[in-house]
Amino acid sequence: MPKKPRLSDDDLLEMHYSLRLSRAFEERLSVLHRQGKIIGGIYSGIGQEAITVGACYGLRREDFICPLHRDLGAFLLKGVPARVLMAQVFGKRTGLSKGKDSYLHAGDSRLGIFGNTSMLGANLPVACGIAYGFRLRRQDHVAVAFFGEGAANVGDVHEAMNFAAVHRLAVVFVCENNLYAFSTPFEQAFAIPEVAVRAQAYGFPGVDVYGNDLLRVHGVMQEAIARARRGEGPTLVECKTFRWHGHSEHDPASYRTEEELIEWRSRDPIPLFERYLTEKGLLTDEVQRRLTERIEKEIDEAVAFAEESPWPEGPEAFEDIYAPSEAEVSHGEG
Ligand SMILES: Cc1ncc(C[n+]2csc(CCOP(=O)(O)OP(=O)(O)O)c2C)c(N)n1
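How would you sum up the packing of aromatic side chains? Please name residues and give values.
One pass over the structure, following the stated rule, counts nine aromatic pairs. Arranged with centres 6.0 Å apart and planes meeting at 50 degrees, the rings of Y132 and F163 form a pair that is tilted. Placement of Y132 in helix α5 (residues 123–136) and of F163 in helix α6 (residues 155–166) is noted, with a sequence separation of 31 residues between them. By relative accessible area, which is 37% here, F163 ends up partly exposed. Arranged with centres 5.6 Å apart and planes meeting at 10 degrees, the rings of F242 and W264 form a pair that is stacked. In this pair, F242 is assigned in the loop between β7 (235–240) and α9 (258–265) and W264 in helix α9, connecting sequence segments 22 residues apart. Residue classification places F242 among the buried residues on the basis of a relative accessible area of 1%. Of the aromatic side chains, those joined through ring pairs into one cluster are Y180, Y210, F242, Y255 and W264. Seen from the ring of W311, K92 lies directly overhead, with NZ or CZ sitting 4.6 Å from the centre.

Right under this line is the structure:
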């Protein structure tokens, strides 16, 4: 059982804000998608927010995350303003990648966010490379790589975990097990009860945690991160959860039952955390009302910013492709 993380009342309220902001942002994305305002697919992480918030809350700016398609909340937690993320989804010049793609592939090395490619599992070896860099520079930062249980069966994941174990790298592998990889249910892709048991075969701890319980996820992550910073190597954290929407907004998800969805919606991570906050006397109707107002305003402003932002003009396609040379970096600093 992980130790309870030491969190102040301000921390708890900040986590609550992050949960609700992620949810509101993605709910708005669904609406914008139906209105035909978004370029490309939307891969909703609604229902899974406790994982990204629990995993990323408290990370340092220098720590790196390697997020996947459902990890919008991780971008917000790592410091990307909502309006920039919205502009990214709209494909505008003011987004992270200046209109080159959606947030699935967006990154910002200054904030410690790796822009992932579409190949599932390919972000895990990158996280190992980042952590190896921390090792060479004698830094105690960590790399956190997210992946789905579907991605867990890709060869890259095996290579990454073995490499991280052998070199005792400061990586935390976070498996978001939402029980379906597109239409494939967990039991049709695994002959083991959970992904976390694989960690033992690589030689590091594997922890299975209920992914809708924010404090549990955060507690387990804090232990894994502390272990990584101490130089003791990686941890695999499997978070059991469920995605409420289809694989993407154009998928009706008819491969799963209505009962299953109703069951999991009743396990919504937000009211679960809110009950805890209410019992602690931190959440009153008035606090909720003010938070709702704040978040609605933030999302409205983000959408207005994205809509008013200019489209890329073309040359952006060739910008930010390669890292700047040492000379360019030092010239920039001067
Ligand atoms: C190597 C690879 N194989 C297949 C795909 C196609 N694909 C994209 S998302 C997806 C399902 C992913 O499931 P999971 O890893 O469990 O993540 P989830 O979407 O459930 O969050 C598949 C099969 C891909 N992008 N990359």
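Moving on, there is more to tell.
An account of the site of the ligand is needed here, citing residue identities and associated values.
If you check the shell around the ligand, you find 14 residues, and the closest are H69, R70, S118, G150 and A151. G150 has a polar backbone atom sitting 2.8 Å from an oxygen atom of the ligand. Separating an oxygen atom of the ligand from a backbone N or O atom of A151 is a distance of 2.9 Å. For the ligand, whose free accessible area comes to 580 Å², the fraction covered by protein is 72%. In terms of residue class, the shell around the ligand is built from six nonpolar, six polar and two charged.

Report on the sheet that holds strand β1 (residues 64–66), specifying residues and quantitative values.
The strand order across the open sheet built from five strands is β1-β2-β3-β7-β6, with neighbouring strands paired in parallel fashion. With one partner strand each, in any of the chains shown, β1 and β6 (206–210) form the two edges of the open sheet. Across the sheet, the mean angle from the axis of one strand to that of its neighbour is 20 degrees, orientation sign disregarded. In this sheet, β7 lies alongside strand β3 (residues 171–177) in parallel orientation, the contact comprising six bridges. Of the residues in β7, the one forming a bridge with V174 is V237. Lying on the sheet, α6 is in contact with β2 (143–148), β3 and β7; it crosses β3 at an angle near 145 degrees. In the packing of helix α8 (residues 214–229) onto the sheet, contacts are made with β2, β3, β6 and β7, and the angle to β7 comes to roughly 170 degrees.

Lay out the packing of helix α1 (residues 9–34) against helix α2 (residues 49–56) with the relevant residues and their values.
At a minimum axis separation of 10 Å, α1 and α2 run at an interaxial angle of 140 degrees. When the axes of α1 and α2 are compared, the pair comes out oblique. Crossing of α1 against α2: the hand is right-handed. Of the residues in α2, those touching α1 at M15, S18, L19, S22 and R23 are E49, A50 and V53. Each residue belonging to the contact of α1 with α2 can be placed in one class, and the counts come to four nonpolar, two polar and two charged.

If you had to explain the pairing of β2 to someone new, which residues and values would you point to?
For β2, a buried count of five out of six residues is recorded, marking the element as mostly surrounded by other parts of the structure. As paired elements, β1 and β2 share three bridges and run parallel to each other. Paired with I65 across the bridge in β2 is V144. This β-α-β element, β2 to α6 to β3, shows right-handed connectivity.

Scoring rules and cut-offs
- Residues numbered from 1 in each chain as written.
- Predicted model: local features only at pLDDT ≥ 70, side-chain atom pairs only at ≥ 80, totals over all residues.
- Heavy atoms only, no water.
- Phe/Tyr/Trp six-rings, centres within 6.5 Å; stacked < 30°, edge-to-face > 60°.
- Helix = DSSP H or I, 4+ residues; strand = E, 2+ residues; numbered from the N terminus.
- Buried < 20%, exposed > 50% of the residue type's maximum accessible area, 1.4 Å probe, protein only.
- Lys NZ or Arg CZ within 6 Å of the ring centre and 35° of its normal.
- Near = heavy atom within 4 Å.
- Polar contact = N/O pair within 3.5 Å; in protein donor to acceptor, adjacent residues only side chain to side chain.
- Areas by Shrake-Rupley, 256 points an atom, 1.4 Å probe, with all protein chains shown as cover.
- Nonpolar A, V, L, I, M, F, W, Y, C, P; charged D, E, K, R; others polar.
- Pairing = 2+ DSSP bridges.
- Axes fitted to C-alpha atoms, helices over the stretch in contact; angles between N-to-C directions.
- Contact = heavy atoms within 4.5 Å.
- Parallel < 35°, antiparallel > 145°, perpendicular 65-115°, else oblique.
- Left-handed = near helix turned anticlockwise from the far one by under 90°.
- Right-handed = clockwise from strand over helix to strand, strands pointing away.

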